[in-house]
Amino acid sequence: MPKVGMSEIRKPQLINATMDAINAVGLHKASVVMISSYAGVSPAIINHYFGGKSGLLEATMRSVLKQLSEGVKTRLQEAGPDDAVLRIHAIVGGNFSSDQMESKVVKTWLAFWSQSMHDEALFRLQRVNEKRLLSYLQLELKKLLPAKKAIFVAQGIAALIDGIWLRGALSPEGINAELAQRMISDYLTLQLA
């Protein structure tokens, strides 16, 4: 019989081990056995808590998405409610924060994106993430632009975030968060002119 409270210890441990394994060998080579050895637990624990590797990847991405969402919310609180441009920069900055730029998180994002095309649960998570980003951006942009243009610019910023992320993740130098934010800021300035 499992000990009470163990899931609160084991789940984060397994999620971290999943990212470590993906970072080391990629999603397809990161087996349940490998992940469990990274976590120092039996492979049966993964099946017990997550129903297998697919459920573990979903839980891992939920954790990464929660971290992203909390980071953006914190930056928005720091920006205050009145300066829409500053709030847009806070949203963009949250997507390029240091915790999201960690190698194992970046590789987990790439694995998630590629797998979400073939997994319904992951696809739903991707849609939620996409809608959340667009919603945040549109809310602020509608304070500065007509509704149609605000939607257009929000989609442009989201495309820049995703595109810069993908290019940087596949580059040997990695993602240059400062350059990314400057490029997006430049795009925003042009659209607001």
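Residues numbered from 1 in each chain as written. Predicted model: local features only at pLDDT ≥ 70, side-chain atom pairs only at ≥ 80, totals over all residues. Heavy atoms only, no water.

The protein chain appears in an unreviewed UniProt entry as HTH-type transcriptional regulator BetI from Amphritea opalescens.

## Regarding the confidence of the model for the protein chain
Counted only if it meets this: Scored between 0 and 100, pLDDT is the confidence that the predictor attaches to each residue. Runs of E in the DSSP output that reach at least two residues are strands. Runs of H or I that reach at least four are helices, and both are numbered from the N terminus.
On average, residues of the protein chain score 93 in pLDDT, and 96% of them are at 70 or above. Predicted confidence in the protein chain is weakest over helix α1 (residues 6-25), with a mean pLDDT of 87, and strongest over helix α5 (residues 84-95), with 97.

## Thoughts on the environment of Tyr136
What counts is decided by this rule: Under the scheme applied here, a residue whose accessible area is under 20% of the maximum for its type counts as buried, over 50% as exposed, and between as partly exposed, the area being computed with a 1.4 Å probe on protein chains only. Here, two residues are considered to be in contact whenever any of their heavy atoms come within 4.5 Å of each other.
As for its placement among the helices and strands, Tyr136 is situated in helix α8 (residues 120-141). In this structure Tyr136 comes out as buried when scored by relative accessible area, which is 19%. Considering only alpha carbons, one finds Tyr136 and Asn47, 89 residues apart in sequence, at a separation of 36 Å. Non-local contacts of Tyr136, meaning those with residues more than four positions away in its chain, are made with Ser69, Val72, Lys73, Leu76 and Ile91.

## Quick look at the packing of helix α9 (residues 147-169) against helix α10 (residues 177-192)
This is how the line gets drawn: Think of each axis as a best-fit line through the C-alpha atoms, taken over the contacting stretch in the case of a helix, with angles from 0 to 180 degrees between the N-to-C directions. The cut-offs work like this: below 35 degrees is roughly parallel, past 145 is roughly antiparallel, 65 to 115 is roughly perpendicular, and the gaps in between are oblique. By convention, the crossing between two helices is left-handed when the near helix turns anticlockwise from the far helix through less than a right angle, and right-handed when the turn is clockwise. Note on residue classes: Ala, Val, Leu, Ile, Met, Phe, Trp, Tyr, Cys and Pro are nonpolar, Asp, Glu, Lys and Arg are charged, and everything else, Gly too, is polar.
Contact pair α9 / α10: the axes reach a minimum separation of 10 Å and the direction vectors enclose 165°. In this view, α9 runs roughly antiparallel relative to α10, as classed from their interaxial angle. As α9 runs across α10, the sense of the crossing is right-handed. When α9 is examined against α10, the residues Lys149, Phe152, Val153, Gly156, Ile157, Leu160, Ile161 and Ile164 are found in contact with a partner set consisting of Ala180, Met183, Ile184, Tyr187, Leu188 and Gln191. For the contact of α9 with α10, the class distribution of residues is 11 nonpolar, two polar and one charged.

## Focus on the side chain of Arg87
Topologically, Arg87 is positioned in helix α5. Not counting the four nearest positions on each side in its chain, Arg87 is found in contact with Leu76, Ala79, Gly80, Pro81, Glu140 and Lys143.

## Side note on the environment of Asp20
One can find Asp20 in helix α1. When the C-alpha positions of Asp20 and Ala30 are compared, they lie 9.2 Å apart, and in sequence the two are 10 residues distant. Setting aside residues no more than four positions away along its own chain, Asp20 makes contact with Tyr38 and Lys104.

## Points about helix α2 (residues 32-39)
Counted only if it meets this: By arc we mean the arc of the directions from the helix axis to the C-beta atoms, nothing more.
Taken as a whole, α2 has its buried residues at Ile35, Ser36 and Ala39. Looking straight down α2, one finds its buried side chains confined to an arc of 95°; they lie on one side. In this structure, α2 carries Val33 and Ser37 as exposed residues pointing more than 90 degrees from its buried face. Phi for Gly40, located one or two positions after α2, is positive at around 75°.

## Let's talk about the UniProt feature "domain: HTH tetR-type" (unreviewed entry) in the protein chain
Formally: UniProt positions are given in the numbering used here, feature names are shortened, and annotations may be inferred rather than shown by experiment.
Annotation from UniProt places "domain: HTH tetR-type" (unreviewed entry) at residues 8-68. Across residues 8-68, the secondary structure splits into 82% helix and 0% strand, with the terminal C-alpha atoms separated by 20 Å.

## Topic: α9
In plain terms, the rule: Helices are assigned an expected span. That span is 1.5 Å times one less than the residue count.
The terminal C-alpha atoms of α9, which comprises 23 residues, lie 33 Å apart, in line with the 33 Å expected from a rise of 1.5 Å per residue. Listing the buried residues of α9 in full gives Ala150, Val153, Ala154, Gly156, Ile157, Ala158, Ile161, Ile164, Trp165 and Gly168. Where α9 is buried, its residues touch α5, α6 (98-101), α7 (103-116), α8 and α10.

## With respect to the packing of aromatic side chains
Threshold: Pairing of aromatic side chains here covers Phe, Tyr and the six-membered ring of Trp, requires ring centres within 6.5 Å, and sorts the geometry by plane angle: under 30 degrees stacked, over 60 edge-to-face, intermediate tilted.
Overall, the coordinates contain five aromatic pairs when judged by the stated rule. Aromatic pair Tyr49 and Phe50: ring centres 6.4 Å apart, planes at 70°, arrangement edge-to-face. Comparing Tyr49 with Phe50, the two get one shared label, buried. A ring pair is formed by Trp113 and Trp165, whose centres lie 6.1 Å apart and whose planes are at 80°; its orientation type is edge-to-face. Highlighted residues: Trp113 in helix α7 and Trp165 in helix α9, separated in sequence by 52 residues. Of the two residues, Trp113 and Trp165, neither departs from the other in class, the shared state being buried. The structure contains a cluster of three or more aromatic residues connected by ring pairs, namely Trp109, Phe112, Trp113 and Trp165.

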